[in-house]
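Each chain, written out:
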Amino acid sequence: MTAHAIELKGISKAFGPVQANRNISMSVAKGTIHGIVGENGAGKSTLMSILYGFYKADRGEIWIDGKLTPIPDSQAAIRAGIGMVHQHFKLVENFTVVENVILGAEDGALLRPSIAKARRLLTELSEEYGLKVDPDAMIEDLSVGHQQRVEILKQLYRHADILILDEPTGVLTPAEADQLFRILERLKEEGKTIILITHKLREIMEITDTVSVMRRGEMTNTVKTADTSPAELAEMMVGRKVLLEVDKAPATPGDVVLKVDKLRVVRGGVERLKGVSLEIRRGEILGIAGVAGNGQTELLQVLGGMIPAQGGTVTLHNEPLDVTGKHSNGQTRRARGIGHVPEDRQTEGLIMAYEAWENVAFGYHQDPKYNTGLLMNNAAIKDDCADKMARYDVRPPNPRLPARNFSGGNQQKIVVAREMDRAPDLLLVGQPTRGVDIGAIEFIHKQIIALRDQGKAILLVSVELDEIMGLSDRIAVMFDGRIMGERLPSETNENELGLLMAGVTQGAA
Amino acid sequence: MDKMPKWADVVLIPLISVVLALVVSGLVVAIIGESPWRAMEIMVRGAFGSAYGWGYTLYYATNFIFTGLAVAVAFHARLFNIGGEGQAALGGLGVAIILLGVAWPHWTIALLAAVLFSAAFGAVWAAVPAYLQAKRGSHIVITTIMFNYIASALMVYLLVNVFRVEGSMSPESATFAEAVHLPNAASFAGFLGFRGSTPLNFSFFLALLACVFVWLLIWRTRLGYEIRAFGHSDSAAVYAGINPTKIIMITMIISGALAGMMAINVVMGEAERLVLDFVEGAGFVGIAVALMGRSHPVGVILAALLFGALYQGGAELQFEMPAISREMVVVIQALVILFTGALDNMVRMPMQAFFLSLRRRREAGARTPAE
Amino acid sequence: MDFLTIVQILDSTVRLATPLLLACLAGLWSERAGIFDIGLEGKMLAAAFFSAAIAFTTGSVWLGLFAGIVASVFLSGLHGVASITFRGNQLISGVAINFLAAGLTVVIAQTWFQQGGRTPQLATESRFGNIVLPGAETRIRDIAQQGPLGQVYSELISGHSILVYVALLMVPLTWFLLYRTRFGLRLRAVGENPAAVDTAGVSVVGLRYAAVVICGVLCGLAGAYLATALNAGFVKDMSAGRGFIALAALIFAKWRPWYALSACLLFGLFDAIGNRYQNIQLGEFIVPVQFMQALPYILVVIVLAGLVGKAIPPRAGGEPYVKER
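You'll find chain C entered in an unreviewed UniProt entry as ABC transporter permease, with Roseicyclus persicicus given as the organism. UniProt, in the comment section headed Subcellular location (unreviewed entry), describes chain C in these words: "Cell membrane".

By the naming in an unreviewed UniProt entry, chain B is ABC transporter permease, taken from Roseicyclus persicicus. Taken directly from UniProt, the Subcellular location (unreviewed entry) text for chain B runs: "Cell membrane".

**Student:** Would you take a moment to explain the overall build of chain C for this structure?
**Tutor:** The secondary structure content of chain C amounts to 13 helices and four strands. Expressed as lengths along the three principal axes of its C-alpha atoms, the size of chain C is roughly 70 × 50 × 45 Å. In chain C, the proportion of contacts linking residues at least 24 apart, taken out of those at least 6 apart, comes to 78%.

**Student:** How should the UniProt feature "transmembrane region" (unreviewed entry) in chain C be read in this particular structure?
**Tutor:** Residue and element names in this part refer to chain C. Under the present numbering, the feature "transmembrane region" (unreviewed entry) in UniProt falls on residues 12–29, 49–79, 91–113, 162–179, 209–235, 255–273 and 294–312. Taken end to end, residues 91–113 is 100% helix and 0% strand, and its two terminal C-alpha atoms sit 33 Å from one another. End C-alpha atoms of residues 162–179 are separated by 26 Å, and the span's content is 100% helix alongside 0% strand.

**Student:** What am I meant to see in the domain arrangement of chain B here?
**Tutor:** Where interface size is given, it is often the accessible area lost as the parts come together that is meant. Residue and element names in this part refer to chain B. Taken domain by domain, chain B consists of domain 1 (1–34 + 323–364) and domain 2 (57–303). Summarising the inter-unit geometry, the C-alpha centres of domain 1 and domain 2 are found 28 Å apart. Taken residue by residue, the interface counts eight residues in domain 1 and six residues in domain 2. At the level of secondary structure, the elements contributing two or more residues to the side of domain 1 that touches domain 2 comprise α1 (6–31) and α14 (328–342). In terms of residue count, α14 provides more of the side of domain 1 that touches domain 2 than any other element does, five residues in total. Partitioning the side of domain 1 that touches domain 2 into residue classes produces five nonpolar, three polar and no charged.

**Student:** So what exactly am I meant to see when it comes to the interface of chain B and chain A here?
**Tutor:** With 18 residues of chain B in contact, the opposing surface of chain A contributes 26 residues. Put simply, the parts of the chain that give the side of chain B that touches chain A at least two residues each are α9 (222–232) and α10 (234–239) of chain B. Within the side of chain B that touches chain A, the residues separate by chemical class into eight nonpolar, six polar and four charged.

**Student:** Would you take a moment to explain the sheet that holds strand β7 (residues 162–166) of chain A for this structure?
**Tutor:** The strands making up a sheet associate through backbone hydrogen bonding, with each pair oriented either parallel or antiparallel. Residue and element names in this part refer to chain A. Taken together, the six strands give an open sheet; going across it, the order is β6-β7-β8-β3-β9-β10, and neighbouring strands pair in mixed fashion. Taken across any chain shown, the strands that pair with only one partner, and hence form the sheet edges, are β6 (82–85) and β10 (218–224). With direction set aside, neighbouring strand axes in the sheet form an average angle of 20 degrees. Bridge count between strand β9 (residues 210–215) and β10: six bridges; the pairing is antiparallel. Residue R215 lies in a different strand from β10, and its bridge partner there is E218. Strands in contact with helix α8 (residues 230–238) are β3 (33–38), β9 and β10; relative to β9, the strand with the most contacts, it is inclined by about 30 degrees.

**Student:** Is there a simple way to think about unusual backbone geometry in this case?
**Tutor:** Negative phi characterises most residues that are not glycine, and trans characterises most peptide bonds. Following R395 of chain A, the chain continues to P396 of chain A via a peptide bond in cis, the omega torsion being -5 degrees. Note on placement: P396 of chain A falls in the loop between α13 (378–391) and α14 (408–420). The backbone phi angle of E272 of chain B is positive, close to 60 degrees, even though this residue is not glycine. A positive phi angle is found at E280 of chain B, which is not glycine, with a value near 50 degrees. As for its position among the elements, E280 of chain B is in the loop between α11 (244–271) and α12 (282–292). Judged by C-beta crowding, with 14 C-beta atoms within 10 Å, E280 of chain B ranks as partly exposed.

**Student:** Looking at this structure, I do not really get the environment of I194 of chain A. What am I missing?
**Tutor:** Residues and elements named next belong to chain A. Summarising the element assignment, I194 is placed in strand β8 (residues 193–197). For the pair I194 and G35, spaced 159 residues apart in sequence, the C-alpha separation works out to 8.4 Å. Those residues in contact with I194 that lie beyond four places of it in its chain are I33, L163, L165, L184, L187 and K188.

**Student:** When you look at the nonpolar core in this model, what are you seeing that I'm missing?
**Tutor:** Where a protein is soluble and globular, its nonpolar side chains tend to be buried together. Residue and element names in this part refer to chain C. Within the largest apolar cluster, 396 residues are counted, with the highest numbers of intra-cluster contacts made by L218 and A249. For this core, the element with the highest residue contribution is helix α10 (residues 204–230), accounting for 16 residues. With sequence-adjacent residues up to four places away left out, A249 is seen in contact with L20, C24, A260, A263, C264 and F267.

**Student:** Help me understand the packing of helix α3 (residues 61–85) of chain C against α10 of chain C, please; the structure alone is not making it clear to me.
**Tutor:** Relative placement of two packed helices is described by the angle separating their axes and the distance separating the axes. Residue and element names in this part refer to chain C. Direction vectors running N to C along α3 and α10 enclose 140 degrees, while the axes themselves pass 7 Å from each other. When the axes of α3 and α10 are compared, the crossing they make is right-handed. Taken together, the residues that form the contact of α3 with α10 break down as 16 nonpolar, 10 polar and one charged.

Parameters and conventions
Residues numbered from 1 in each chain as written. Chains lettered and ligands numbered in written order. Predicted model: local features only at pLDDT ≥ 70, side-chain atom pairs only at ≥ 80, totals over all residues. UniProt positions renumbered as here; feature names shortened; annotations may be inferred. Helix = DSSP H or I, 4+ residues; strand = E, 2+ residues; numbered from the N terminus. Contact = placed C-beta atoms within 7 Å. Domains from an automatic or database assignment. Nonpolar A, V, L, I, M, F, W, Y, C, P; charged D, E, K, R; others polar. Pairing = 2+ DSSP bridges. Axes fitted to C-alpha atoms, helices over the stretch in contact; angles between N-to-C directions. Buried ≥ 20, exposed ≤ 12 C-beta atoms within 10 Å, placed from the backbone. Core = buried A, V, L, I, M, F, W, Y, C linked by C-beta atoms within 7 Å. Left-handed = near helix turned anticlockwise from the far one by under 90°.

Here is the structure:
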């Protein structure tokens with residue numbers, strides 16, 4: 001038997017009181033693609049960061065190509081032929097491609113020779129693997145897909161034989177993801193070993209040879225991909241049977257609640273929304289599908305009053321809503337009965353340093369029931385918080401705990417409780433289950449459907465196509481600041497949506 | 001789970017930091033060849049050993065409460081107001097204008113007017129940097145520093161060319177009318193031994209009142225809730241419908257007003273006229289006071305008291321140990337800022353590790369009998 | 001105003017711009033690596049004192065220069081420990097360093113020299129003398145006799161201390177190191193996105209300390225110039241806000257070396273005009289001397305207000321680098 005490309009033996013790592021990795025052993029054969037799946041916080045990224053020398057393990061050994069190889073820092077990992085493409089790219093935005101590629105791998109003290117050599121090598125590499133990029137382009141001018149190519153080129157330039165990719169498809173269109181997979185297969189043929197971290201079971205099934213499952217810091221199973229199924233993997237991830245389908249009755253749409261007409265937004269000199277029009281009715285969930293960064297964020301932010309629009313009109317129950325003027329803010333939106341679960345709970349939805357009870361009033365702190373005259377009524381807010389925590393199953397149900405001390409799922413439940421408990425006429429929901437464990441996902445999905453069944457209108461933005469397909473009554477696809485088309489979930493499929501997400505319309509194709 | 005109990009975070013860490021600052025200050029004294037113990041004894045005796053000492057200590061503390069609160073309020077909105085010095089100077093200008101310009105019948109009404117004018121002048125001097133920060137993104141730290149220098153030049157000009165009494169050489173205004181002199185500690189607390197010459201005056205109560213006001217504002221009002229929310233996360237504040245421009249402006253106006261009111265103590269309560277450089281660094285001491293006091297009014301009072309004692313004790317020190325310059329107090333102030341503000345983690349990291357291991361041991365101890 | 005007067009004003013512009021330029025480049029190195037430094041003022045002050053004190057006691061201006069640099073690098077190191085190792089607030093650390101220098105220089109000066117917090121006057125041989133370039137005249141009477149080119153050569157180009165020429169040389173040197181070498185590439189990267197440098201296997205901490213030390217050396221030169229070339233000895237608070245003006249020049253210069261040179265020369269020019277003309281009469285109005293003194297600060301505020309174009313600082317500036325979890 002040939003030596004394994006990678007062998008981990010008894011890796012453990014703790015961050016303060018949190019045990020992120022517990023006694024993990026794993027081996028990956030040379031020239032294969034190995035998947036690692038697990039829920040958020042299962043310890044996948046920590047494990048790979050240890051392999052890449054970004055963190056040091058408390059205990060355990062790393063063997064590369066059959067040799068014990070201590071990896072105290074990233075330099076050692078690079079020397080051992082390990083390269084990593086992080087979920088959030090590690091690129092210097094205002095440097096060129098070639099500068100980013102040579103950074104840390106320069107040949108001498110002067111830059112000029114290094115740059116000349118890198119430019120030549122980049123051309124060769126990009127032709128060999130189909131990774132076309134302009135070496136002199138600025139990173140900030142490149143699309144996300146191309147930025148990812150630069151990350152891969154960076155690793156190839158450093159002669160990486162083992163490539164770790166952390167959630168590589170999160171920001172890609174289905175078509176771009178397919179391209180990436182072709183590249184990975186090409187790399188595999190060249191004898192490279194690839195580790196793919198993902199939470200998308202479909203990708204695991206499509207491309208990996210073997211797959212490991214992590215749960216709560218431990219590695220629970222390693223199986224051949226051919227011998228397993230998505231349902232089985234999901235069960236291994238969560239530790240119990242999971243319903244991958246969302247259970248809901250057909251919608252019974254009523255009057256139009258929200259009408260958006262030719263909405264335009266310009267941010268930082270870039271037109272983010274280029275005339276978006278849509279309608280949502282009572283008792284209906286409109287899902288917005290699309291790759292991150294195509295204007296969904298701005299759509300939510302304008303409707304939520306966070307940023308002004310530069311043009312277009314919005315009406316709520318046929319009454320105009322100020323989206324361009326100075327009365328456009330979160331307070332006036334809430335007063336009109338619009339709830340908003342923002343895309344990023346950590347930087348928008350919650351004040352992480354505030355205790356749970358303070359967060360329950362966040363955005364509604366002007367509400368008379370939270371105030372007595374000039375002063376805030378802290379006792380009333382705390383009571384309300386305790387009540388909401390009980391009904392929305394927030395754990396631990398302690399109003400005095402700062403928000404940062406709750407898990408991702410429980411933080412999201414606090415936001416959901418605050419925004420949905422007032423039964424708003426229109427609920428804006430952005431990435432409701434990002435970084436949330438499966439138990440909380442089920443809970444949040446049920447809450448959203450229950451609100452719809454009360455006859456409320458819901459705008460759902462998510463980059464998870466499965467979530468959009470499962471929850472929406474109608475699906476609109478956004479690309480480059482425009483709505484590319486609307487489909488009914490029953491009459492479409494992932495391929496068709498994927499094409500729309502990439503900006504390809506049926507007529508043009 | 002938090003890594004350590006709240007009391008350790010709020011009380012223990014600042015305390016250790018201040019002790020470290022004082023130990024290093026002691027080392028400095030030892031290095032220049034004097035006895036730190038003797039220096040400390042002189043300072044403590046000078047600050048607290050007599051009604052005379054207390055009078056000065058509390059008088060200085062009054063200044064530092066105002067400037068400390070000014071920095072603290074801004075800190076809650078994550079704004080670093082280094083402009084207390086200039087704002088206080090402008091506050092003094094306001095006091096002088098209203099006390100010289102109007103013939104007040106009684107000090108009580110004059111005090112009200114002085115509060116309004118000192119606060120308004122200080123607020124205006126803070127509002128310009130605030131506006132530039134909110135609307136133009138100019139860094140408030142740099143602009144407030146610049147405004148200190150501009151204020152200083154402005155005050156020199158006004159005192160030399162406008163306020164100076166005809167025929168006098170010294171750059172200072174005429175003395176205020178007898179009727180507007182604030183009662184000093186001898187008249188309301190003479191039974192404690194304060195003499196007529198003590199600088200401690202009625203403004204001390206005003207400072208305490210300001211503490212109550214700041215506490216209510218920050219922790220009990222909607223505005224305070226918004227200020228703190230904005231300070232923790234401006235993006236979340238926008239999500240909640242809190243207007244960043246409004247918060248930056250209001251916070252800095254309150255901050256500048258508090259700094260400006262420091263002038264009441266010095267200009268109206270003590271000097272009874274406007275003199276050059278009357279702020280004497282109190283605006284900067286406010287930074288140390290706010291950092292050490294964790295931006296909480298109670299902490300600010302305690303820290304202001306410490307610095308009041310340092311200033312008074314430092315003056316005594318210079319008398320008795322001429323080898324030690326009065327600037328030693330500035331060194332101590334710098335070290336307090338350094339240890340409580342910038343090197344906070346140096347104390348915090350080991351403390352967190354300590355409390356973590358304590359908890360591990362406790363949990364292990366709790367588990368063993370069960371097994 | 002005759003030609004020679006203009007040349008003289010420009011000459012004093014260069015002299016007055018030199019400490020600004022050195023401090024500005026110091027700030028450039030630090031901030032390009034992502035470490036904000038409002039402690040330039042304090043470091044200059046400390047260097048000014050120690051250079052004067054050691055130059056006085058040893059009689060050697062070079063030993064003085066060395067002592068000034070050591071003092072400045074020490075404070076830089078302190079800033080590094082606070083903001084790199086302990087990930088503290090860089091602004092607060094800078095403020096502390098300014099006060100530390102303001103206090104310690106006077107305390108030590110009092111202990112050593114008992115002259116109320118100043119050093120004794122430095123004799124000519126314990127100062128940096130003016131270098132006379134070949135063929136240049138030194139006496140003003142002789143210069144006045146020369147033609148325009150000769151006047152420029154003798155008055156403006158010749159006759160500065162070595163530190164002036166060093167400061168001017170630092171501009172191309174800084175440019176070359178930043179934009180043409182591996183070190184510069186990494187240093188700029190660490191100020192923009194330290195995570196990119198870290199994952200490339202290069203030490204973020206090492207680079208940032210290197211930047212902070214360079215900053216200390218340059219501030220040391222600036223301070224030594226103040227006390228041993230521009231003046232003859234140290235007096236309390238002699239940096240007089242120059243550290244902050246240098247910082248403003250840095251913003252004005254958009255963190256670029258050649259722009260820094262122009263910005264510092266501009267602020268130096270204001271200073272030179274203010275020094276030469278106390279009260280300037282403009283028709284009916286008399287511009288008071290206090291206004292001229294405040295002018296650089298007012299100008300900085302106007303610059304900061306973005307009325308002269310937008311300045312984008314290094315993106316990771318002011319943020320301690322924490323490996324994300």
